[in-house]
Amino acid sequence: MNELSLVAQAAFQPANTADIADALVNSSGLRVDIQRRRGRGAGMNPGGRFEPTERVAYDDGWTTLEDMPPFRTEVQVEKPRTAITRNESPDIPFDRSVNPYRGCEHGCIYCFARPTHAYMGLSAGLDFESKLFAKPDAPRLLERELAKPGYKPRTIAIGTNTDPYQPIEREWRIMRQVLEVLQKASHPVAIVTKSALITRDIDILAAMAEKGLAKVAISVTTLDRKLARTMEPRASTPTRRLEAIRRLSEAGIPTAVMMAPVIPALNDHEIERVLDSGKAAGACEASYVLLRLPLEVSPLFRDWLLQNYPDRYRHVMSLVRSMRGGKDYDAEFGKRMKGAGPYAWQISRRFEMATKRLGLGRRSMQLRDDLFVPPNGSGVQLSLL
């Protein structure tokens, strides 16, 4: 039985034997000792789905598991060929994005980007949070792409995969350099983050926002510090995120409060409170995304539930499946962000009523693209004719 199916088996344990399911996974050797992963979100580090081998913790008598070193953040340099990633998804309001980093130290257990680490031969579990990739060439590549003849400006989204303001940005400062390129070219940008570090760049964002070129969405998943610490261990606290909304709004930067994800029976009761707090902090728009559990995210999230909320395990997963056609996840366009069924409708209706009451816009503000000035073209191959 492989790692994914073993954790999946726990989903079918009777409600009064969640502790048995927890013991099953714990005794399998899949879980990493808590001392080695302290301050991390995932409890396991299973092999990538493309790998021919699987990883289990096994004491062979030579080196005890207690002597193994803790997971520490390691950053490698990635050399991409391009900075802009294109997409054609009808579920999202942008067709291009920039990702300064691969992997995310925030360690959010529900992160839908976790499976992308499999393409690097790494795990979607603890590797995703600790083995990170920085792209220091991204600003230079972005400038070169913006300077190409025929480039048509449209809003570039940043933070839609991994957070551009995760802790390592303090040292690498790649995101700030990207913003400097966009500001110089008067190119529109939309940012999503869970980090208060974004306030460092208020000087650039305020100047761009004054021209209608920038907007920000701060994700506030919960106001419960304990839940946030467990679920998003290295992201900014809820209080600091609300403070970031206030500071950005006061600087004239259009800022939205985003509840992503909404998790049934875990944080969905906070929808109105989160929106109230966001509005009080100065948010002008609001949005939400329903919990998504693609590929390796599902067993990682279920294992996290077994460890931290065993009494809610069956209820949470039952409601998740009720909104996903009986599955942990439905990737169908039009359904993957909001779900389907009565419970998904109820969440949508509650959100709609709360935003209407608070005067929070549901439609995304359009940024200007008519001010674009192509960079000088440094590094662009010239035409022979």
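Residues numbered from 1 in each chain as written. Predicted model: local features only at pLDDT ≥ 70, side-chain atom pairs only at ≥ 80, totals over all residues. Heavy atoms only, no water.

A. Looking closely at the packing of helix α6 (residues 174-185) against helix α7 (residues 202-210). It is at 10 Å that the axes of α6 and α7 come closest, and there the two elements cross at 25°. Taken together, the axes of α6 and α7 lie roughly parallel to each other. Seen from above, α6 lies across α7 with left-handed handedness. In this structure, α6 uses R176, L179, E180, L182 and Q183 to contact α7, whose residues at the interface are D203, I204, L205, A207 and M208. Looking at the contact of α6 with α7 residue by residue, the classes come out as six nonpolar, one polar and three charged. (Axes fitted to C-alpha atoms, helices over the stretch in contact; angles between N-to-C directions. Helix = DSSP H or I, 4+ residues; strand = E, 2+ residues; numbered from the N terminus. Parallel < 35°, antiparallel > 145°, perpendicular 65-115°, else oblique. Left-handed = near helix turned anticlockwise from the far one by under 90°. Contact = heavy atoms within 4.5 Å. Nonpolar A, V, L, I, M, F, W, Y, C, P; charged D, E, K, R; others polar.)

B. Just unusual backbone geometry, in detail. A260 connects to P261 through a cis peptide bond whose omega is 5°. Along the chain, P261 falls in strand β9 (residues 255-262). A positive phi angle is found at R173, which is not glycine, with a value near 55°. Assignment of secondary structure puts R173 in the loop between α5 (169-172) and α6. Of the residues examined, R173 reaches a relative accessible area of 37% and is grouped as partly exposed. Its identity as a non-glycine residue notwithstanding, L295 has a phi of 45°, on the positive side. Its location among the elements puts L295 in the loop between β10 (285-290) and α11 (297-308). Using a relative accessible area of 52% as the deciding quantity, one classes L295 as exposed. (Buried < 20%, exposed > 50% of the residue type's maximum accessible area, 1.4 Å probe, protein only.)

C. Looking closely at a nonpolar patch on the surface. Taken together, F50, Y119 and M120 make up a surface patch of nonpolar side chains, about 340 Å² in accessible area. Inspection of the secondary structure assignment puts M120 in the loop between β4 (101-102) and α3 (126-130). Taking the relative accessible area as the measure of exposure, M120 reaches 32% and is therefore partly exposed. (Patch = residues over 30% accessible without salt bridge, like charges linked within 9 Å, V, L, I, M, F, W, Y side chains within 5 Å. Areas by Shrake-Rupley, 256 points an atom, 1.4 Å probe, with all protein chains shown as cover. Salt bridge = Lys/Arg side-chain N within 4 Å of Asp/Glu carboxyl O.)

D. Representation of the packing of helix α4 (residues 138-146) against α6. α6 packs onto α4 with a crossing angle of 20° between their chain directions and a minimal axis gap of 8 Å. Between α4 and α6, the interaxial angle falls into the category roughly parallel. Seen along the crossing, α4 lies across α6 with a hand that is right-handed. The residues of α6 that touch α4, namely those facing A138, P139, L142, E143 and L146, are I174, Q177, V178, V181, L182, K184 and A185. Along the lines of polarity and charge, the residues of the contact of α4 with α6 split into nine nonpolar, one polar and two charged.

E. Fine view of the nonpolar core. Within the largest apolar cluster, 61 residues are counted, with the highest numbers of intra-cluster contacts made by L142, L146, L182, I191, L205 and L275. With seven residues, the single largest contributor to this core is α6. Within the second largest apolar cluster, 33 residues are counted, among which are L126, F128, V297 and V320. (Core = buried A, V, L, I, M, F, W, Y, C linked by side-chain atoms within 4.5 Å.)

F. Representation of the side chain of D163. Looking at where D163 falls in the secondary structure, it is placed in the loop between β6 (156-158) and α5. Buried within the structure, D163 lacks any salt-bridge partner; its nearest side chain of opposite charge belongs to K194, at an N-O separation of 6.2 Å. Polar contacts involving the side chain of D163 include one to the side chain of T193, which spans 2.8 Å. Contacts of D163, omitting those with residues within four sequence positions, involve Y101, C104, H106, V192, T193, K194 and S195. (Lys, Arg positive; Asp, Glu negative; His and termini not counted. Polar contact = N/O pair within 3.5 Å; in protein donor to acceptor, adjacent residues only side chain to side chain.)

G. Highlighting the environment of E143. Mapping E143 onto the fold places it in helix α4. Residues E143 and P374 lie 231 residues apart in sequence; the distance between their C-alpha atoms is 8.5 Å. Among all residues touching E143, those that are not within four sequence positions of it are V181, K184 and P375.

H. Layout of the packing of aromatic side chains. Per the stated rule, a full pass over the model turns up five aromatic pairs. Aromatic pair F50 and Y119: ring centres 5.5 Å apart, planes at 35°, arrangement tilted. Placement of F50 in the loop between α2 (18-26) and β1 (74-77) and of Y119 in the loop between β4 and α3 is noted, with a sequence separation of 69 residues between them. Classification of Y119 as exposed rests on a relative accessible area of 57%. (Phe/Tyr/Trp six-rings, centres within 6.5 Å; stacked < 30°, edge-to-face > 60°.)

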